Every structure is written in C-alpha cells, then in structure tokens.
Amino acid sequence: MLVVHADQIDISHDQVVSLIAEQLPALVGLDVVAVSGAGTVNSIYRIGDDVAARFPLRPADTDRLHARHVSELAAATEFRRVCPVPAPEPLHLGSPGHGYPLPWTAQSWLPGTVATPTSCEDSTTFTQDLTLLLERLRTCDTRGRRFEGGGRGGALADHDGWMNECIRRSEGLLDTEAMRTMWASFRQLPREDPDVMSHGDLIPSNLLVNDAKLVGVLDTGGFQAADPALDLVCAWHLLSDAPRQQLRSTLGCSDLQWERGKAWAFHQ
C-alpha cells in the first residue's frame, strides 16, 4: 500500500475480508480488490461488482469520526436526491475490528471512468451535463443552512496560512512571486451571493465519465451550504476556454462570482 501520511493506518486485504464477513455477511464470498486512485483520505476496496468500502487512513477519535460519518452519510443521501446523474448510495457504517481501529463505510459502486483535466475539456455534452449539475445543486433548498467550518466555501482570506505554506513549498517548482500576486488579489474578493447547496470538491477525480458524458459524481458526503462560486472550480479543472464560457453564460455568473470560482480553483 502506498504510504501518503507519516501516521498512516494501513488495512490489509485479510482485515477487509474479516470485517465484511462479520458486518456485511451478505457479501461473503465476493471478490475483495484494493482500488488505486488519487485519494489520500481513505483506502478503498471494491467488494464484488456493486459495493465500495472506504477505510480512513489517518488516526482519529473514534466517537468524533463516527459522528462525522453519520453526517456525511446523511449529506450523501440528500445529494443523491437532487443529482441529475448517479451518485453513491450509502449502505453501511462499519465498526472497528480485526486490528483496524476506526469506523468505516460502505457505499454502492458506480460504473464509469474517472475524469481527467483533459478527457472531456472540449465536449459540449459534458459541459451541458456539468451545467445541469450546478443548476440542480443551486436550486436545492438550503433549509436555512449556512456555511460553517474552516474549509473551502466561506471567506477566501481565512485561507492565508494554507496558501502561504503551499506557495512557500512551491519554490523552485513554480513562479511563486506570480502566485503571491494572484492570491493577494483573490483574497480580497468580497462575498456577496447567498449560500447555495454545494458539492464542495468538483475536481476530476470525483467525476465519472463515459463517451464524453457525465455519468456519476463521487465523494458527496461534503454536500452543504456554501459560496455558490465554490462548485465553479469544475469549470477551471475540466473545461477549455470556450466550454468554460458556455457554462458561465448559461449559469449567468456575475464577474465577481466568476472570479471567486477562479480563486477557489487556485486554492485547490
């Protein structure tokens, strides 16, 4: 298993098989296969053809992690109701055991190919699919919820520490003076639009495609109210210039909202 954290908690194939046998006995006998990917939060195993099990990689307080999983499963369920393409269905909240110390989750497996920054960058159909996704999320009832917490989706200037660290560590790799200039401008962009419901991380690795069409959305447990510019990051991560402008025009984004979307993409 690839080590991405100094304090990483690994889980073996045999441990996964034992946990499945104990807690999801209906799946006993199905193939258990580790899934490689760009994620750094969970180890993912595919169980048969239809289930994915996710095991957190970092140490955490068990009770707090359990509560977070409960919140994420509720958010994922809500996301599925409004998403115009398939999204994973939460199936199980697992308990520690067999040497693995943390709660874990299982969800439905979605078919499709993980998008790349260039796989559909010029596709009109894919652009329309992304636009419909954002329209559906923006019209979802927030039920009075507002952005809370320290992640992406609130005030850009709250992320100065993170950005300064990233830029510092990019010395010798990128034009860090240009990056500092860009962030100095981005962080001052005011927040005017009211919160909308947001996926929060519409990057290529969280989108599934087939034949230049959007066929699935992953990692939906962060669905919450946030800056409407946040989900615009997909336009910068996945589309070339003309389709990006097509998405902007259809959504009717103001200049300020569009610049804030660019800022959140830069932040990522």
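Structure shown above.
My aim in this report is to walk through the structure given alongside it, one point at a time. Computed from a predicted model, the values in this text were never measured in an experiment.

Another point: the nonpolar core. Burial of nonpolar side chains together is a common tendency in soluble globular proteins. Core analysis: the largest hydrophobic core is formed by 44 residues, its most contacted members being Phe 126, Leu 207, Val 217 and Leu 247. Broken down by element, the residue count for this core peaks at five residues, all from helix α3 (residues 124-138). Once you skip the residues sitting within four places of it in the chain, Phe 126 turns out to touch Cys 120, Leu 207, Val 209, Ala 212, Lys 213, Leu 214, Leu 238 and Leu 239. Within the second largest apolar cluster, 18 residues are counted, among which are Leu 19, Leu 24, Ala 53 and Leu 65.

Two numbers describe how α3 lies on helix α7 (residues 241-251): the axes approach to 10 Å, and their chain directions differ by 35°. Viewed along their axes, α3 and α7 form a crossing whose handedness is right-handed. Side by side, α3 and α7 meet where Thr 124, Thr 127, Gln 128, Leu 130, Thr 131, Leu 134, Glu 135 and Arg 138 of the first sit next to Pro 243, Gln 246, Leu 247, Thr 250 and Leu 251 of the second.

In terms of burial, strand β5 (residues 104-108) is a largely internal element, five of the five residues being buried. Looking at chain direction, strand β3 (residues 51-56) and β5 are connected through four bridges and run antiparallel. Among the inter-strand pairings, Ala 52 is bridged to a residue of β5, identified as Gln 107. The sheet contact formed by strand β4 (residues 90-94) and β5 spans four bridges and is antiparallel.

With that settled, consider helix α1 (residues 13-23). Inspection of α1 places Gln 15, Val 16, Leu 19, Ile 20 and Gln 23 among the buried residues, and these make up the whole buried set. Along α1, the residues classed as buried sweep out an arc of 130° about the axis, all on the same side. Turning to α1, the residues buried within the fold contact β1 (32-35), β2 (42-47), β3, β4 and β5.

So, on to empty space enclosed by the protein. If you roll a probe as big as a water molecule over the atoms, it shows you where there is empty space left. Enumeration according to the criterion identifies one cavity of 30 Å³ or more in this entry. Quantified by volume, the largest cavity comes out at close to 40 Å³. Forming the walls of the largest cavity are Leu 134, Arg 138, Val 196, Met 197, Ser 198, Asp 227, Pro 228 and Asp 231. Those elements that provide at least two residues to the lining of the largest cavity are α3 and β7 (196-198). In terms of residue count, β7 provides more of the lining of the largest cavity than any other element does, three residues in total. Tallied by class, the residues present in the lining of the largest cavity amount to four nonpolar, one polar and three charged.

This brings us to unusual backbone geometry. We note that Asp 211 has phi near 55°; this positive angle belongs to a residue other than glycine. Assignment of secondary structure puts Asp 211 in the loop between β8 (207-210) and β9 (213-217). Residue classification places Asp 211 among the exposed residues on the basis of a relative accessible area of 63%. Phi is positive for Ala 212, close to 60°, though the residue is something other than glycine. By the secondary structure assignment, Ala 212 is in the loop between β8 and β9. Judged by relative accessible area, which is 29%, Ala 212 ranks as partly exposed.

Strand order across the open sheet formed by three strands is β6-β8-β9, with antiparallel pairing between neighbours. The outermost strands of the open sheet, each flanked by one partner alone, are β6 (113-114) and β9. Bridge analysis of β8 against β9 gives four bridges, and the strand direction is antiparallel. Residue pairing for β9: Leu 207 is matched across the bridge by Val 217. The strands that α3 touches are β8 and β9; relative to β9, the one it contacts most, it runs at about 40°.

Thresholds applied
- Numbering of residues starts from 1 in every chain and runs along the sequence as written.
- At least 70 in pLDDT is required for a residue's local features to be given in this predicted model, at least 80 for side-chain atom pairs to be given and counted, and no such filter applies to totals for whole chains, interfaces and linings, which use all residues.
- Side-chain calculation: all heavy atoms of the structure are included, whereas hydrogens and water are not.
- We define the nonpolar core as a collection of buried residues of types Ala, Val, Leu, Ile, Met, Phe, Trp, Tyr and Cys that are connected through side-chain atoms lying within 4.5 Å of one another.
- Each residue is placed in one exposure class: buried if its accessible area under a 1.4 Å probe, protein chains only, is under 20% of its type's maximum, exposed if it is over 50%, and partly exposed if it falls in between.
- By the criteria applied, helices consist of DSSP H or I runs no shorter than four residues and strands consist of E runs no shorter than two, each listed in order from the N terminus.
- Any two residues whose heavy atoms approach within 4.5 Å are treated as being in contact.
- Every axis in this analysis is a line fitted to C-alpha atoms, fitted for helices over the stretch in contact. Angles between the N-to-C directions lie between 0 and 180 degrees.
- Take the far helix as your reference; a near helix turned counterclockwise from it by less than a right angle gives a left-handed crossing, and one turned clockwise gives a right-handed crossing.
- Strand pairing follows a simple DSSP-based rule, namely that at least 2 bridges must link the two strands.
- The directions considered for the arc run from the helix axis to the C-beta atoms.
- Points on a 1 Å grid over protein atoms alone make up a cavity when a 1.4 Å probe fits among them but cannot get out, and a pocket when they form an open set with protein on both sides within 12 Å along at least five of seven lines; lining residues each have an atom within 4 Å of a point.
- Grid points are joined across faces, edges and corners, and a volume is the space filled by probe spheres set on the points.
- Asp, Glu, Lys and Arg are counted as charged, while Ala, Val, Leu, Ile, Met, Phe, Trp, Tyr, Cys and Pro are counted as nonpolar; the rest, among them Gly, fall into the polar class.

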